[in-house]
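One letter stands for each residue in the lines below.
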Amino acid sequence: MKLAIEVNGAVRAVDASPWKRLLDLLRDDLRLTGTKEGCGEGECGACTVLLDGEPVNSCLVAAGQCDGRRVTTVEGLAQGELLHAVQRQLVACGGAQCGICTPGIAVCAAHLVDRGLVDAGDAARAQVRELLAGNICRCTGYQLIVEAVIAAAREVASGRQR
Amino acid sequence: MTAYLRPRDLDEALAARAAHPDWLVLAGGTDLMVNANHRPAPAGILDLWRLVAICLVRRTDEAIGGAIAIGAGTTWLEVERDPHVRAQLAPLAAAAREIGALQIQARATLGGNVGTSSPVGDSLPVLLALDAELELASPRGRRRVAYRDWCTGYRTTQLAADELIVAAHVPIPGPATRTAWRKVGTRRAQSISKVMGAAAITLDGDVVVDARIALGAIADRPVRIAAAEAAVRGLRLTDAAAAARAAVASAIRPIDDIRSTASYRREVAANLVARFFGPAAAGPAMS
Amino acid sequence: MAPVGRSLPRVDGVAKVTGRAQYLDDLDAPGAWHGATVRSAIAHGVLEAIDVDPELAPALAAGELCVVTAADIPAKNVIALIEDDQPALVPIGGRVMHPDEPIALVAAPTRAQAFAAARRVRPRIRPLPAVFDVDAALAGAVRLYGDAGDNAFKRFLIRKGHASDDELEAVFAAAAQVIDGRYATSPQEQMYIEPQAMMADWRDGRCHIVGSMQCPYYVHKAMKALLGCDGDGVVIAQSVTGGGFGGKEEYPSMLAAHVALLARKAGRAVKMVYDRDEDIAATTKRHPCRTRHRLAVDARGELAAIDIDVVMDGGAYLTLSPVVLSRGVLHAAGPYRCPVVRVRGRVVATNHPPHGAFRGFGAPQTTFAYERQIQKLARARGEDPLALRKRLALRTGDTTATGQRLEASVGTDEVFAALEAVAGAPPARTGVNRHGAPVRRGRGVCFYFHGAGFTGSGEQRLAGRATVAATAHGFEVRSSSAEIGQGSITIFTQLAAAALGVDPALVTVIDPTTSRVPDSGPTVASRTAMVVGGVVDRAARAVRARLEAWAAGRAAGGSLAEHARAYVAQTGGELAETVTYEPPPGIAWDDATYTGSAYPVYGWATCLVDVEIDLDSCEVAVLRCVQAVDVGKAINPTIVRGQIDGGTLQALGWALLENVLYKDGKVANASMTNCIVPTFADAPELETLLVEVPYPFGPSGAKGVGEIPMDGPAAAVANAVEDALGAAFDELPISPEAIAASRPAWSAP
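Quantities reported herein were computed from a predicted structural model and do not represent experimental measurements.

Thoughts on the interface of chain A and chain B
By convention, interface size is frequently given as the accessible area that disappears when the constituent parts associate. At the junction of the two partners, chain A supplies 26 residues and chain B supplies 25 residues. No other element matches the 4 residues that strand β4 (residues 54–57) of chain A contributes to the side of chain A that touches chain B. Considering only residue class, the side of chain A that touches chain B consists of 11 nonpolar, 9 polar and 6 charged.

Topic: helix α17 (residues 637–656) of chain C
A rise of 1.5 Å per residue sets the reference length of α17(C), with its 20 residues, at 28 Å; its end C-alpha atoms lie 28 Å apart and thus fit the reference within 8%. Of all 20 residues that make up α17(C), 19 are buried, and the element is covered over most of its length.

Quick look at the packing of helix α2 (residues 85–93) of chain A against helix α3 (residues 102–114) of chain A
All names here are of chain A. Packing of α2 against α3 brings their axes to within 8 Å, and their N-to-C directions diverge by 125 degrees. Classified by the interaxial angle, the pair formed by α2 and α3 is oblique. By crossing handedness, the relation of α2 to α3 is classed as right-handed. Counted together, A85, V86, Q87 and L90 of α2 and T102, A106, A109, A110 and V113 of α3 form the full contact between these two elements. Of the residues that constitute the contact of α2 with α3, the class distribution is 7 nonpolar, 2 polar and no charged.

Digging into the interface of chain C and chain A
In this assembly, 43 residues from chain C lie in contact with 40 residues from chain A. Mapped onto the side of chain C that touches chain A, the elements with two or more residues apiece are α1 (13–17) and α17 of chain C. It is α17(C) that contributes the most residues to the side of chain C that touches chain A, 8 residues altogether. The class makeup of the residues in the side of chain C that touches chain A is 18 nonpolar, 15 polar and 10 charged.

A word on the sheet that holds strand β14 (residues 303–315) of chain C
Within a beta sheet, neighbouring strands are joined by backbone hydrogen bonds and run either parallel or antiparallel to one another. Residues and elements named next belong to chain C. Ordered in space as β7-β15-β14-β13-β8, the 5 strands form an open sheet in which the pairing is mixed. Edge strands, defined here as strands with exactly one partner in the open sheet, are β7 (152–160) and β8 (177–185). Averaged over all neighbouring strand pairs, the angle between strand axes comes to 5 degrees, with direction disregarded. Where β8 and strand β13 (residues 289–297) come together, 9 bridges link them in antiparallel fashion. Bridged to T185 within β13 is C289. Across the face of the sheet, helix α5 (residues 165–174) comes into contact with β8, β13, β14 and β15 (341–349) while running at roughly 120 degrees to β14. Sitting on the sheet, helix α10 (residues 363–381) is in contact with β8, β13 and β14, with an inclination near 145 degrees to β8.

Digging into unusual backbone geometry
With an omega of -5 degrees, the peptide bond between C:L732 and C:P733 qualifies as cis. Along the chain, C:P733 falls in the loop between α19 (713–725) and α20 (736–741). One non-glycine residue with positive phi stands out, namely B:R155, at about 55 degrees. With phi around 60 degrees, C:S409 is a residue other than glycine that occupies positive phi space.

Things to note about the pairing of strand β7 (residues 141–146) of chain B
Residues and elements named next belong to chain B. Of all 6 residues making up β7, only 0 are buried, and the element is barely covered by its neighbours. As paired strands, strand β6 (residues 133–138) and β7 are joined by 6 bridges and run antiparallel to one another. Paired with L136 across the bridge in β7 is R143. Between β6 and β7, which pair antiparallel and follow one another directly, the connecting turn spans 2 residues.

Some points on the environment of B:L130
Residues and elements named next belong to chain B. Looking at the element boundaries, L130 is found in the loop between α7 (124–129) and β6. The class for L130 is buried, based on 27 C-beta atoms found within 10 Å. Between the C-alpha atom of L130 and that of A199, which follows or precedes it by 69 residues, the distance is 7.6 Å. Aside from chain neighbours lying at most four places away, what touches L130 is L89, L92, V170, P171, P173 and A200.

Details of the environment of B:A240
Residue and element names in this part refer to chain B. Within the element layout of this structure, A240 appears in helix α9 (residues 237–251). For A240, a count of 27 C-beta atoms within 10 Å corresponds to the buried category. In sequence terms A240 and A167 are 73 residues apart; their C-alpha atoms lie 34 Å from each other. Not counting residues within four places of it along the chain, the set of residues in contact with A240 comprises V208, V232, L235 and F277.

Quick notes on the confidence of the model for chain B
Residue and element names in this part refer to chain B. Chain-level statistics for chain B give a pLDDT mean of 95 and a share of 96% at 70 or above. Across residues 281–287, confidence stays below pLDDT 50; counting only partners more than four residues off in sequence or on other chains, it has 19 contacts. The ipTM assigned to the predicted complex is 0.98, against a pTM of 0.98.

Considerations on the sheet that holds strand β19 (residues 474–478) of chain C
Residues and elements named next belong to chain C. Spatial ordering of the open sheet is given by β20-β19-β18-β21, a layout of 4 strands whose pairing is mixed. Each edge of the sheet is formed by a strand with only one pairing partner; in this case those strands are β20 (507–509) and β21 (575–580). The average undirected angle you get between the axes of adjacent strands in this sheet is 20 degrees. Pairing of β19 with β20 involves 3 bridges; the strand directions are parallel. Looking across to β20, one finds that E476 is bridged to T508.

Definitions and limits used
- Numbers given for residues are sequential positions, taken from 1 along each chain in its written order.
- Starting at A for chains and at 1 for ligands, labels are handed out in the order in which the entities are written.
- Selection of residues for local features in this predicted model requires a pLDDT of at least 70, selection of side-chain atom pairs for listing and counting requires 80 or more, and totals for whole chains, interfaces and linings are taken over all residues.
- For every residue pair, C-beta atoms are placed from the backbone, and the pair is scored as a contact if these atoms sit within 7 Å.
- Counting from the N terminus, the helices are the DSSP runs of H or I reaching at least four residues and the strands are the DSSP runs of E reaching at least two.
- Polar here means any residue outside two lists: the nonpolar Ala, Val, Leu, Ile, Met, Phe, Trp, Tyr, Cys and Pro, and the charged Asp, Glu, Lys and Arg; Gly therefore counts as polar.
- By definition here, a helix of n residues has an expected span of 1.5 Å times n minus one.
- Counting other C-beta atoms within 10 Å of a residue's own tells you its class, since 20 or more makes it buried, 12 or fewer makes it exposed, and anything in between is partly exposed; those C-beta atoms are placed from the backbone.
- Lines fitted to C-alpha atoms define the axes here, with helix axes fitted over just the stretch in contact, and angles between the N-to-C directions of these axes take values from 0 to 180 degrees.
- Oblique is the label for every angle not falling under 35 degrees (roughly parallel), over 145 degrees (roughly antiparallel), or within 65 to 115 degrees (roughly perpendicular).
- In this scheme the handedness of a crossing depends on how the near helix is turned from the far one: anticlockwise by less than a right angle means left-handed, clockwise means right-handed.
- A pair of strands counts as paired when DSSP detects no fewer than two bridges linking them.
- Along the chain, pLDDT gives the predictor's confidence residue by residue, from 0 to 100.

Now the structure itself:
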């Protein structure tokens, strides 16, 4: 099946089975290997991408369903060498260790921050913990990721005010 | 090679369903795509994802007190964020929020939960407790089925081979009815249910006039607990809690499996239901 | 500012947050085939034949498929580690020892084809009676290992302050009080998020292997034996590795063997990436363990004797079990003063898949037992649990169970003080939660230690080496330590930059490819920063001294980097120093009697956990978890903090919700849905306190930190749940089911 998918802002034409997983389409056909496979069953969130702006597990999306739709992967978060606030804070706060879950977390957290779903106030910690619960990390105990996402949310919020 | 169709409207979807009964009916894929690369490719995919005709949430006034119609293709994220659902169907919004986590909620649909009909389907006890109806369509026409009659066994339903689920119609509980919901899962988020309970309890003062009590993950399908409903009728709330606890504990026959034990499920199911009649059971806290 | 003690951003950080870091499955490998494994499915038996479905014949004939069996192994059919008992593939006529044992291998152009073909290769196995219970294994009706009749892979006996069992029993007979408990801990899955992955390619007469691993030289050793080549015949490289936690210590040698054999026969590169289900089912787990622990207390409330019996389930092959048991027994008496100690340990063969390395490496199992015992002692005496621990704790000048006199870097008082400073009041004992359910709350504490580096004379025997080189582009650190997320390349960068007196940006830590780096030992045992980092530090100092001396001879000014450039320009080569580990003075260990300095130094820690138990569901919420850990010196505080946070949550998960369930020897919950680990929502806000009591023989005072946070929290959780409910919890996990079943034993709040 001929598919036309907008990936990170550019329309990509791919010939693939509609049953192929979006994850495999990204990694094998488009060689966008930033999106990782951790489980293949929608549990770990390492393969998180945005589909029409919402975070989804790309291992659970059929390629056919993406025809004519918009996909954002970790490769699409930064603008050139300018990292997204979430990426910058994950580095600064120590939120990435082995890094295999990090692209999925960066994509999901960038979505939360860009949509203003994380308050700058006291509720932020609980919000981050609930909204990122679909991303499993085994290295960090999550603490420094929470700090990073909150720092990024504040950064983005103050940027909006300016 | 797998065929693929994204129908433009419900009629085209129904025609394709009738023409290709062996095709996979796919929406959010959160169940059907698990380990997809190790599953045989289907003959075809009938893709209902974002089919507009089944993605609406709207208030209807067809019954006394009104109802909310939720399209089968509505995602749980949309259900949870819908102002009508949040205001009028709090247990459904709460259940939506505990289905997987954000990535699952953004894809999993009401129709998928109802159609898969897993005994651990998170929304299903709520649909039972709220006495929802399902609207089905086929080339033969439309029909409605009370959700309490929907499940026919372990992961089997009344859905006919040429039918699609269009919507759930959920009556809005009246002001004298309190509703409640609780899921106890394997962990605090992104979890499989061990026990779920939902209830709609109609009161006259503090006397129980009527109650619908539903449980999930304790049988081969979500179930109403008629014995408990009968046991609480006419009792004051304080007495109803103990009566419900005893009735639930003796009515259910849960199983041991890798996620929990029969005795735990029985005890917790009884505790959850009893708590629905307790003083603080004003429904789950929603932020 | 000096590079040590600062939280420099990790050097691999940007590559990881942008998705540019290349894990094995991300490597561009045009033409590489994919491998899949045919497994036994039967726990114990004799392999009689391997049936290849005739439907595969055309593909085999066309060279579009490759099947490998034990007959294809060029040299020795073993995964060489401690003992050569585990085959790479079970040979025809050989014994199948567990239900996920590799029997044959398949490679095909795509992963889907490989998996499909693997299902068409079927072993024929004559079943034998299998043994899954350690008591049955010890009884010896079925012989799985050795000739002693008890199937024990290894036994240990530690005696302190007594010569015979009668003497020991006399102390117990005379005791004012005896606390006697039995404890059981569950197997645990490492659940690194990158599954095991490896690729092999035969080029220029050599086998090149790259993959996800902790220990390139372990793989190197195993491949030399399997392929029958010398050290130059095989090159092992590490790809960016998505977590290990011990799970990529020994098992990668198995994958390496498999891809090497497939690539050799297929005549092309072959890669193998495990599915999650397969990874959970087949790879090593934390050893399930049971411990009997007796404490004798004298009339003054001092410990008079400790007697411990540890039994671990080693699974089907010996793998690293003796070393895991060793660390378990060496920590079993805990960081407490006691004149008389006996520790016995056995690790036993069963028909489970082999248990193996997992962070803590035996110590979490025995720590759980001794910190439950100390808690019971506090309750029995009516003494404050923290005060009792402080009173009995080891301090400088005291001796451990092996008679080691503690000299430097004993952070006991400091970790107690750090905890007490933040502890605050315990939570209200009762309340109601957001579900309207009544709750009980409680607080638990524990105190524990963890030996850093290899046991006994292990580091001397290993004699790990590392190289620092001055090149035209700056300075290069070469070691076999693997970056697995713990931050080793950043730590080495900081240590080398500090020793050289240069900007960290001038230092590069190269990948640990065996053809390019010396053997610094494996990436295990909380040894990387302390031991290998120490060697790096010395090598860097040596390079600096030589360069400065050379520059002084030329009377030329400039920076060290300029000297390096000048040196290379003039001599045509780099200036490199390779340094070998030297043990600190005063370390003596007797392997025969298990006495002496078990570890060069210990980390010390206190932990406080507050819990809330929902009385309707018996779910436990961890309200607070404080860990105060003496790390010697935090070379990079953020990285150290992250390490401790991560270990802490693994321990909380092990305590409350993780488990590996076996049915007929096979993992019954082999999926991420059912073999659960904590999510963001399960984790409390972690309060990690870094305590620094410098270790004079560690680089800048640093000592091991990787494993210690795993040891203590499970006991603190059990102690907190006991505090809340009044019932004892002596088995892990402390699941809601276990708590519900204990309801009759609960006391009034």
